Structure formats: structure tokens, C-alpha cells
Amino acid sequence: MARMKSSMKLTSRGIVLPLAALYFLVPIGASIWFSINEVDGVSFDAYTDGLGTEGLTTSLMLSVRLGLATIICGLLLMVPTLVAVALYLPKLRRVVEILCMMPLVVPPIALVAGVTTVLSWEQDLADTPLYMTFQALRDENFPLVLVLVYTVMSLPFLYRSLDAGLRAVDLRTLVEAARSLGASRLQTLWQVVVPNLRAAVMGGAVLSLAMVLGEYTVASVLSYRPFSVWMVEIKDSEAQLSVAAAMLSLLITWGLLLLLTTLAGGRSRKSSRRENGKKTVS
Amino acid sequence: MTVPVQLKQLRREFGSTVALDGLDLDIAPGEMVALLGPSGCGKTTALRIIAGFETADGGELLMDGQDVTSVPANRRDIGMVFQSYSLFPNMTAAENVAYGLRVRGKASAERKERAQELLDLVGLPGREGHYPHQLSGGQQQRVALARALAIRPKVLLLDEPLSALDAKVRLTLREEIRRIQLELGITTVFVTHDQEEALSMADRVAVMKDGRLEQCAAPSELYDRPATPFVAEFVGTMNRLPGTVRDGGVVELFGRRLPIHGETPATGSEVDVLLRPEGLAVGAADDKSGTAATVRVATFLGATTRLHLSTESGAVFKADLPSWEATGLAPGARCTVTPHDNPVLVAERS
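Rules behind the numbers
Residues numbered from 1 in each chain as written. Chains lettered and ligands numbered in written order. Predicted model: local features only at pLDDT ≥ 70, side-chain atom pairs only at ≥ 80, totals over all residues. Heavy atoms only, no water. Contact = heavy atoms within 4.5 Å. Salt bridge = Lys/Arg side-chain N within 4 Å of Asp/Glu carboxyl O. Polar contact = N/O pair within 3.5 Å; in protein donor to acceptor, adjacent residues only side chain to side chain. Helix = DSSP H or I, 4+ residues; strand = E, 2+ residues; numbered from the N terminus. Nonpolar A, V, L, I, M, F, W, Y, C, P; charged D, E, K, R; others polar. pLDDT = per-residue confidence, 0-100. Axes fitted to C-alpha atoms, helices over the stretch in contact; angles between N-to-C directions. Parallel < 35°, antiparallel > 145°, perpendicular 65-115°, else oblique. Left-handed = near helix turned anticlockwise from the far one by under 90°. Expected span 1.5 Å × (residues − 1). Buried < 20%, exposed > 50% of the residue type's maximum accessible area, 1.4 Å probe, protein only. Pairing = 2+ DSSP bridges. Phe/Tyr/Trp six-rings, centres within 6.5 Å; stacked < 30°, edge-to-face > 60°. 1 Å grid on protein atoms, 1.4 Å probe; cavity = no way out; pocket = protein on both sides within 12 Å on 5 of 7 lines; lining within 4 Å. Points joined across faces, edges and corners; volume = space filled by probe spheres on them.

Student: Would you mind showing me how to read the interface of chain A and chain B here?
Tutor: Frequently, the measure chosen for interface size is the accessible area that the parts lose on association. Between chain A and chain B, the contact holds 28 residues from the first and 35 residues from the second. Between Glu-176 of chain A and Arg-48 of chain B there is a salt bridge whose closest N-O contact spans 2.5 Å. Here chain A and chain B share six residue pairs in polar contact (both at pLDDT 80 or more) between them. Listing elements by their share of the side of chain A that touches chain B, those giving two or more residues are helix 8 (171-180), helix 9 (185-196) and helix 13 (239-274) of chain A. Sort the elements by how many residues they give to the side of chain A that touches chain B and helix 8 of chain A lands first, with eight residues. A class-by-class count of the residues in the side of chain A that touches chain B yields eight nonpolar, 11 polar and nine charged.

Student: Which parts of the structure should I look at to understand the confidence of the model for chain B?
Tutor: Low-pLDDT stretches of the model should not have their predicted coordinates read in fine detail. Chain-level pLDDT for chain B is 92 on average; 100% of the residues reach the 70-or-more range. The lowest-confidence element of chain B is strand 20 (residues 345-348) of chain B, averaging 88 in pLDDT; the highest-confidence one is strand 3 (residues 32-36) of chain B, averaging 96.

Student: How do you make sense of the packing of helix 3 (residues 56-88) of chain A against helix 7 (residues 144-168) of chain A when you look at a structure like this?
Tutor: Packed helix pairs are characterised by how far apart their axes lie and by the angle those axes make with each other. Residue and element names in this part refer to chain A. The contact between helix 3 and helix 7 brings their axes to 8 Å, and the two run at 50°. Relative to helix 7, the element helix 3 lies oblique. Judged by the sense of rotation from one axis to the other, the crossing of helix 3 with helix 7 is right-handed. Between helix 3 and helix 7, the residues in contact are Leu-66, Ala-69, Thr-70, Cys-73, Gly-74, Leu-75, Leu-77, Met-78, Val-79, Leu-82 and Val-83 and Leu-146, Val-147, Tyr-150, Thr-151, Ser-154, Leu-155, Leu-158, Tyr-159, Leu-162, Asp-163 and Leu-166, respectively. Taken together, the residues of the contact of helix 3 with helix 7 sort by class into 17 nonpolar, four polar and one charged.

Student: Quick question: what am I supposed to make of helix 4 (residues 93-105) of chain A here?
Tutor: A turn of α-helix holds 3.6 residues, and therefore any two residues three or four places apart point the same way. Residue and element names in this part refer to chain A. Given a rise of 1.5 Å per residue, 13 residues ought to cover 18 Å, and the 19 Å separating the end C-alpha atoms of helix 4 matches this to within 8%. Where helix 4 is concerned, the buried positions are Val-96, Glu-97, Cys-100, Met-101 and Pro-103. Next to the buried residues of helix 4 lie helix 3 and helix 7.

Student: Help me understand the pairing of strand 19 (residues 334-339) of chain B, please; the structure alone is not making it clear to me.
Tutor: In regular strands, side chains alternate between the two faces of the sheet. Residue and element names in this part refer to chain B. Of all the six residues making up strand 19, five are buried; the element is thus mostly covered by neighbouring parts of the structure. Where strand 15 (residues 280-283) meets strand 19, four bridges bridge the pair, whose relative direction is antiparallel. Of the residues in strand 19, the one forming a bridge with Val-282 is Val-337. Direction of pairing for strand 16 (residues 291-300) relative to strand 19: antiparallel, over a ladder of four bridges. Directly across from Thr-294, in strand 19, lies its bridge partner Arg-334.

Student: Got a minute to help me understand the packing of aromatic side chains in this structure?
Tutor: How two aromatic rings sit relative to each other is set out by the distance from centre to centre and by the angle between their planes. Residues and elements named next belong to chain A. In this structure the tally under the stated criterion is six aromatic pairs over all chains. The interplanar angle of 10° and the centroid separation of 6.0 Å between the aromatic rings of Phe-227 and Trp-230 together place this pair among those described as stacked. Of the two residues, Phe-227 and Trp-230 are both situated in helix 12 (residues 227-234); the distance of three residues between them amounts to about one turn of the helix. On the basis of relative accessible area, Trp-230 is assigned to the buried category, the value being 0%.

Student: Please explain empty space enclosed by the protein as it appears in this structure.
Tutor: To find leftover empty space, a probe the size of one water molecule is rolled over the atoms. All names here are of chain A. Taken as a whole and assessed by the stated rule, the structure comprises one cavity of 30 Å³ or more. Where the lining of the largest cavity is concerned, the elements lending two or more residues are helix 2 (45-48) and helix 13. Counting residues per element, the lining of the largest cavity draws most heavily on helix 13, which supplies four residues. Split by residue class, the lining of the largest cavity holds eight nonpolar, no polar and no charged.

Have a look at this one:
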């Protein structure tokens with residue numbers, strides 16, 4: 001009976017895993033093939049010459065800057081909030097969770113409709129100090145309004161990741177231990193809490209970055225031109241370049257994921273190697 | 001001489017639950033006091049108020065004569081060891097120990113030297129570079145103790161520091177903690193629900209019940225002369241035997257008159273006499289001066305044997321006697337019991 005179960009497990013693994021792999025790899029493979037397939041053979045022109053195409057670097061850099069700014073804003077907002085809720089207001093946890101999950105059920109088009117309405121107040125505020133704020137929000141070189149919207153849209157990713165991280169550590173004891181040793185609240189947060197949430201912070205950051213790199217609706221409706229909008233714009237005239245750029249963005253996201261994961265796990269792995277086999281019992 | 005820690009009429013409520021109900025306690029310099037009591041008696045709340053993690057609803061907390069009730073935890077100069085190991089996982093043992101000095105802005109060399117000194121003191125030389133996950137539970141608690149001591153605190157607080165450890169490590173570590181506490185002469189408050197731990201480690205044990213202090217005394221006094229029936233029954237093993245109060249502050253038990261220690265009820269009252277198993281002498285069945293009893297269970301405990309006895313009147317109780325005297329007292333055997341003439345506590349008949 002046990003052998004039969006084990007063989008069924010192996011069979012189902014043997015079917016499900018290749019199917020899942022095909023589901024992910026076939027579209028990627030087809031896209032790569034499309035981007036290099038020419039009438040007279042294989043060509044990597046879309047990857048080599050395409051990189052110099054007007055708008056690519058600017059839009060990519062804008063997306064990366066927006067992504068980094070979103071991560072910083074999101075973490076500055078979420079880490080202290082979730083720590084405070086976990087320590088002092090545990091009853092509010094459910095409320096915070098629902099609020100953070102809201103962006104998942106509000107379509108970006110609805111969100112941007114609201115943002116557009118608010119931005120249209122600019123003309124009515126021409127004689128007030130708020131006018132300059134609206135101008136700054138709409139700055140074409142670095143549209144802060146996108147950072148604000150993306151921060152809201154990244155809340156579900158940050159919440160899930162940080163919440164899991166906070167549940168994995170004995171937060172209350174760590175904070176109390178640091179406080180009893182003389183640390184201020186800020187020192188406790190920066191030197192004790194955040195380092196122990198490193199993996200959760202990195203996870204949330206990578207997901208947020210991936211979301212920003214791929215976001216199209218909000219940026220397009222507000223008439224900005226980050227990487228995703230640029231790709232759509234060129235797809236009719238430069239279809240292969242558009243797909244090559246999509247592959248490039250995928251590679252960037254994976255690369256960042258790998259880098260952040262390495263950074264997050266680096267220290268513990270290093271220490272584990274150094275002390276491997278030294279653990280003692282007493 | 002100033003008193004390092006004084007609790008004056010401390011009161012703390014959580015909703016409708018009264019955790020502390022006017023707790024008074026003075027702790028002398030260099031003294032180790034154990035707060036002992038059943039779950040929910042308020043001992044941990046009292047410790048957390050001293051640490052600054054809880055705020056008292058009423059009363060005062062004085063340290064060296066200064067009211068620190070509203071001083072935040074990070075400005076109290078208190079070292080604390082927690083039940084869960086509480087080491088910072090992102091720091092090595094040495095970094096953990098030096099953390100309190102780091103937040104105080106001490107130079108790196110001084111921090112290293114002090115961390116080394118403390119790790120040596122707690123018996124962990126050579127473990128400076130280990131991360132918490134590379135240390136056993138006992139080692140982690142030693143590091144936590146070193147970390148708490150590194151800042152040279154005015155008071156050391158221990159919140160059930162041994163309860164997460166296995167029995168053997170617990171025994172070793174409790175001796176170590178006491179040795180270090182005596183060596184440094186640091187005033188220490190220790191919370192535990194394990195009476196053996198409290199009695200073996202502390203200079204004085206404060207027994208708490210329902211947020212109040214029942215008795216604070218040296219372990220031997222607590223055991224031999226408990227102030228209340230609760231203390232008598234909470235600390236050690238105690239028999240409740242039916243007796244009658246007679247004139248002259250005595251109680252009659254098994255035909256003998258014993259002096260009453262503490263409050264004496266009205267003459268003629270039917271009471272329970274509180275008597276420890278070693279407060280009864282067990283004699284031969286034909287001893288005319290004793291009360292006849294039957295052995296129900298005999299438990300060999302090494303040097304002593306504990307007999308579970310019953311009398312014809314229905315009293316059921318325990319008596320301890322040296323194992324060499326208990327030979328032949330198997331279940332079903334007949335014997336006699338006689339209470340020693342020491343003062344006894346009495347309680348309302350249960």
C-alpha cells in the first residue's frame with residue numbers, strides 16, 4: 001500500500017512538474033525565438049542594436065528609479081506601522097490587513113480615475129501653496145504621483161512579506177531586550193528589528209519592484225513613459241525589439257531577485273560555513 | 001543605605017482582572033529575591049513594572065530612593081534575562097553582549113574587552129563569534145545573562161530564565177547564576193513558579209497570591225514558619241488534618257495538644273491543622289501513645305520514604321520517615337502516628 005502511494009506521488013510529481021515548467025518556459029522560449037528569428041536565420045540585432053533605441057534607457061531608468069522610490073516609501077510606511085501594530089495594537093491587525101489588501105480588489109483603472117480627478121484640482125489651487133506641490137507631483141522627469149500610487153499598489157506585497165517575517169521572530173522579546181539594554185525606539189527598530197526582517201524586507205522589495213517595472217495602466221493614463229509604456233508604444237513599429245525589451249526586463253527582475261536573496265542570506269550562510277560543525281550542547 | 005528597589009502599594013489592572021493589588025516589597029542591596037506564586041498571581045507583572053515594560057495604575061516604584069514609575073525602560077539601567085532566549089539573531093554572542101555598551105556609545109575596544117570578560121564569567125570563552133542559532137539553549141541563556149550584566153545594571157531581573165531548559169542544564173545553570181550573582185553582589189529579582197528553584201537560589205522568597213504579597217522571608221523560614229495557610233500549602237507538601245481548638249492557644253490533633261502558630265480561632269472551633277509529612281512520627285502498631293493508622297502507599301524516595309496513611313476516622317495524610325525505618329511498612333501494614341510538639345498553623349475546615 002505504502003509502495004503504491006509512493007509510486008503515485010512520484011508519478012504525479014513527474015506529470016505536474018514538467019507541466020508547470022512548460023507553462024512558464026514555453027511562452028518565454030517562444031518570445032525569445034520571436035525576438036531572434038529573422039527571415040534569413042537567427043539574429044541578435046534586437047538585443048544588440050536595440051539597446052541603443054531612443055527611449056529605452058530613459059524609460060528603463062525611470063522605471064528603476066520609480067521602483068526604488070516606491071520600495072523606500074513603502075518600507076518607511078509599512079515597517080514601523082506593522083511593528084507598532086504587532087507590539088502595541090494587535091487588535092488592529094485585521095483592520096490593517098484589510099486596508100493593505102484593498103489595492104488588490106481595486107482595479108488600477110479605478111485608482112487612476114480617482115488620481116486624475118484629484119490632479120485636476122490643480123487649476124483651482126493656482127493661488128495657493130498647494131499648487132507647487134501638484135506641480136512637483138506631476139514633474140515629468142520624476143513623477144512623484146506615480147511613486148505615491150505605486151506605493152499604494154505595493155502594499156499587499158509588502159504586507160504579506162513583512163507580516164510573515166514578523167510572525168517568524170519573537171518581536172516583543174527582542175524589542176524588550178533591546179529597550180532594557182538602553183536602546184531608544186529608533187535604535188531598536190533600526191539595529192534589532194529591521195536586520196531580523198531582512199529576508200522579509202527583501203522579498204517585499206523585489207515583489208514591489210517587479211510590480212513597478214510591469215505596471216502599465218496608471219502610467220499610461222497619466223501620460224508618463226516608463227519602461228512598460230515604452231514597450232507598448234514601440235511594439236507596432238519594432239515588434240522584435242519590444243519582445244526583446246520584455247525579456248530584458250524579466251532578466252533585470254530575476255537578477256535583482258537573485259542579488260537581494262544573496263544579500264539577505266549572505267551573512268547567515270557565511271557564519272554557518274565558518275562555524276560549521278562547531279555547535280555544542282550544554 | 002538606600003534601598004535599590006522599593007515597591008510601594010503597586011496596583012495594576014487589566015480590564016476587570018486585578019494583576020497587582022497593593023504590592024509592597026523592599027529589596028536590599030546585593031540581595032536575590034524570588035517572586036514565587038501560581039500562574040496569574042502577578043509576579044511577572046511586578047517584574048515587568050520594575051523593568052519599565054508595564055506601567056502601574058497606582059503606587060510607586062523607587063530605585064535608589066528615586067521614583068522611577070514614569071522613567072522609560074531604556075533609562076532605568078536594568079539588566080533583564082527573559083524566559084525565551086531573546087538573543088538578537090543577527091548578532092554574534094560577543095555582539096549581543098556588547099550591544100548595551102554600543103547603544104551607550106562606548107568605544108569598540110572597550111566593548112570587545114567587556115564582552116570577552118563577561119563571556120569568560122558565564123563560562124563561554126571561545127564562543128564570541130557564534131550566532132545564537134549555533135548555541136544550545138543553556139549557552140544562549142548564559143549569553144543573555146552576560147549581555148544583561150555587561151551594562152553594569154543597578155538591578156538584574158530574571159524572568160523564569162530556566163523554564164525553557166531541560167532538567168540537567170537547569171540545575172547547572174541555576175548554580176551558575178547564583179555564583180555569579182554572589183560574585184558580583186548584584187541586586188536581583190527573580191520570577192519563577194518552580195518553588196525548588198526559588199528556595200535553592202534566593203536569599204528571600206516573596207510568595208504572591210492574587211496580586212498581593214503573602215509572605216517574604218528566607219527559604220527556611222518560609223518552609224518552617226509559613227505566615228498563612230496559602231504559603232504553607234504552596235511551599236512544600238502539607239497535610240490537612242482535622243483538629244479542635246482548645247483553651248490556651250492549642251489545637252487537639254490525634255489526642256495531643258499542639259501550640260498554634262499565628263492567628264488562633266475561637267475555642268471549640270473545628271479546624272484543619274496544617275502539618276508537614278516530616279512533622280509526624282510513625283511508630284509500631286502496638287504503640288499506645290499514637291493514633292492507629294494503615295499504610296495505603298509507600299513511595300521510596302531514596303534517603304526517605306513517603307507513606308500515604310489513613311486513620312479509622314477517615315483522615316488521609318502523608319508522613320516521611322528515613323527509609324531504613326520504613327522497612328516492613330508495605331501497603332496494608334498497621335502503624336501509629338504521633339505529631340511532633342512543634343507549633344502548627346491552623347486553617348478553616350475545608
